[in-house]
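Chain by chain, the residues run as shown.
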Amino acid sequence: PTRADITYFGAGPALLPTEVLETAAKALVDYNGTGLGIAEHSHRSELAATIINEAKADLASYLDIPAADYEVLFMQGGGTGEFSASVYNMVGAWVARQHAAILKDLGPDAAEDQVLAALRAKVESSLKLDYIVTGGWSLKAYQEATRLLGPEYVNLVADARADNGGKFGTIPDQSTWRLSKDAAMVYYCDNETVDGVEFPEFPKVLAPNADGTGPIVVADMSSNILSRRVPVANYSLLFFGAQKNLGCTGVTVAAIRKSFLQPAITQPSPALMRKLGLPIPPIVFQYEIIAKNNSLYNTLSIFDVYIAGQVLKKLLKTYPNKVDGQQAVSEKKANLIYSALESHPDAYKIVPHKSVRSRMNICFRVTKNGTVDESEKAFLKEATALGLTGLKGHRSVGGIRASNYNSIPLEGAEKLAKFIDSFAKA
Ligand code: PLP
């Protein structure tokens, strides 16, 4: 088949807009008549700086990220790297805050030992990282925090499997969340790629107070970023790998509140952290270092940032009202597919609960006749013959998953909805 024959619903890396790839293919050989390809130019060149700065500005414009308060970082290590980076940096910031408070409390004449003892006691009694586990990816993040810090510092706020027969597919009622007091962060995954569960909106119990104080909220938006409006000001950190809605694999974005980038108040000394038995970030994961170097502390793949930049320019050109425009299209496409599934309750079973269905990863079982296994095999085979590919569910859960990312055109979603209907009727 040719590219034009296929609508690819894979969960990531995802389909990229063809025109972006065509422009990028030329740029790989010769970037803007420079005689050198984009992947060959120095990451320290002016041209690279322009690509980084434009991508940052376009992202901020598209998502309305307040540039005065947030820094956009291009990092490496993927979403998985951010599971670790968020822990290191937010624990550091928490310790620095407690340290400053203790110094203030004990006064300038306090002995070093006395300060350290007070800080140790505070760490032992109060250091907590809160995790809301609603699917495979927040579970991985929770497990990584536990691995890095030890279980005593990690609090499972809620586990969606508990009230759903041991399976993901719901978001526990917020009134049951066991949030810690003054947690170093409250972490959740906005869209669970494997399980098809998406937070319908920002969780109300995590909303900031009127004076702007409130929980330190961190979210993984790897698989739904750029598809709907984000209340950025409610987050201290949000991150996402590029390979779903932004670009190709190889670059990870972190948008972080600037107050977390002030070393004097957010970075305790490595010596102090060692005395407390707490880890410090590897330098490539220290947000403040990456920010200070405009994402160029070490060699960054400028090609990946370039692709992300081209995708953003295309989005800004397509939607004069920016992310709101894409949001309307995303909802329309998801509704088409879910409606087709719902019209045939005897042939399909949608996996997650209706109130938390993902617009991005549509997970269902085919229950038409024979065993589910046989039905799904037939479904995948017939879909593939029509050019609808990448529909097999994640290996850990099976079933069918249609990933409805931004680059799936409306016609692609229509074609899938039509097939869902005709397969059920046949
Ligand atoms: N978070 C989410 C929501 C994801 O979907 C993924 C990967 O699919 C990850 C994190 C892990 O990302 P990476 O493979 O870039 O480490």
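An unreviewed UniProt entry lists the chain under the name phosphoserine transaminase, with Bombardia bombarda given as the organism. The UniProt entry for the chain carries the following comment under Cofactor (unreviewed entry): "pyridoxal 5'-phosphate". The Pathway (unreviewed entry) field of the UniProt record for the chain holds the comment "Amino-acid biosynthesis; L-serine biosynthesis; L-serine from 3-phospho-D-glycerate: step 2/3."

**Overview of the sheet that holds strand 5 (residues 185-189)**
If you walk across this open sheet you meet the 7 strands as 2-10-9-8-5-3-4, and the pairing is mixed. Bordering the open sheet on either side are strand 2 (70-75) and strand 4 (154-159), each of which pairs with just one other strand. Across the sheet, the mean angle separating the axes of adjacent strands is 20 degrees when strand polarity is ignored. The sheet contact formed by strand 5 and strand 8 (residues 217-220) spans 4 bridges and is parallel. Within strand 8, the position partnered with Val-186 by the bridge is Val-217.

**Side note on helix 9 (residues 302-318)**
When the terminal C-alpha atoms of helix 9 are compared, their 24 Å separation across 17 residues agrees well with the 24 Å that a helix rising 1.5 Å per residue should span. Where burial is concerned, most of helix 9 is hidden: 12 out of the 17 residues are buried. Taken together, the buried positions of helix 9 are Ile-302, Phe-303, Asp-304, Val-305, Tyr-306, Ile-307, Ala-308, Gly-309, Gln-310, Val-311, Leu-312 and Leu-315. In the core, the buried residues of helix 9 are packed alongside helix 1 (18-29), helix 2 (46-63), strand 2 and helix 10 (323-342).

Definitions and limits used
- Residues numbered from 1 in each chain as written.
- Predicted model: local features only at pLDDT ≥ 70, side-chain atom pairs only at ≥ 80, totals over all residues.
- UniProt positions renumbered as here; feature names shortened; annotations may be inferred.
- Pairing = 2+ DSSP bridges.
- Helix = DSSP H or I, 4+ residues; strand = E, 2+ residues; numbered from the N terminus.
- Axes fitted to C-alpha atoms, helices over the stretch in contact; angles between N-to-C directions.
- Expected span 1.5 Å × (residues − 1).
- Buried ≥ 20, exposed ≤ 12 C-beta atoms within 10 Å, placed from the backbone.
- Contact = placed C-beta atoms within 7 Å.

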